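Residue-level structural notes
Listed below, chain by chain, are the residues.
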Amino acid sequence: MARNSKAPDFEGALTELEALTARLESGDLPLDEALKLFERGVALTRQCQGSLQAAQQKVEILLKRGGEMQAEAFEAPEDDETATGPDRQ
């Protein structure tokens, strides 16, 4: 599987994660390949969680403003390796 230098968007990551899950559930993979796919799946899961958290923050900002679009500073979450939080392990 070739990796692009740019991370896939949420929908792309979710689609790839579903495909990885199906391959892992088949049980026909050698252990080494299954571990690599599992590792990729964990990275995709974290990416999806980060995208969902960013979207949730944007929605909360809009709701606090009464739905009015106003410019406000917003920082995206850190990348997967440095992001921490109560639900991160």
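To start, this report covers the structure provided alongside it. (Residues numbered from 1 in each chain as written. Predicted model: local features only at pLDDT ≥ 70, side-chain atom pairs only at ≥ 80, totals over all residues. Heavy atoms only, no water.)

1. Considerations on the overall build of the chain
For the record, the criterion: Per the convention used, a helix needs a DSSP run of H or I reaching at least four residues, while a strand needs a run of E reaching at least two, with both numbered from the N terminus. In what follows, residue pairs with any heavy atoms lying within 4.5 Å of each other are defined as contacts. Shrake-Rupley sampling with a 1.4 Å probe provides the accessible areas, and residues are treated as covered by the protein chains on show and by no other component.
What the chain contains, in helices and strands, is 2 helices and 0 strands. The contacts of the chain with a sequence gap of at least 6 include a subset with a gap of at least 24, amounting to 55%. Of the accessible surface of the chain, which amounts to about 7200 Å², a share of 54% is contributed by carbon and sulfur atoms.

2. Some thoughts on the nonpolar core
One broad rule of soluble globular proteins: the nonpolar side chains tend to lie buried together. We count it as follows: Remark: nonpolar core denotes a set of buried residues (Ala, Val, Leu, Ile, Met, Phe, Trp, Tyr, Cys) joined through side-chain atoms within 4.5 Å. Partly exposed residues are those whose accessible area sits between 20% and 50% of the maximum for their type, while under 20% is buried and over 50% is exposed, using a 1.4 Å probe and protein chains only.
Counting 6 residues, the largest nonpolar core is built from A13, L17, L20, L37, L44 and C48. When contributions to this core are tallied by element, the ones reaching two or more residues are α1 (10–26) and α2 (31–64). Contact partners of L17, with chain neighbours within four places excluded, come to G41, L44 and T45.

3. So, α2
The condition that has to hold: Multiplying 1.5 Å by the helix residue count minus one yields the expected span of that helix.
Under the 1.5 Å per step criterion, the end-to-end length of α2 is 49 Å for 34 residues, consistent within 8% with the ideal 50 Å. Those residues of α2 that are buried are in contact with α1.

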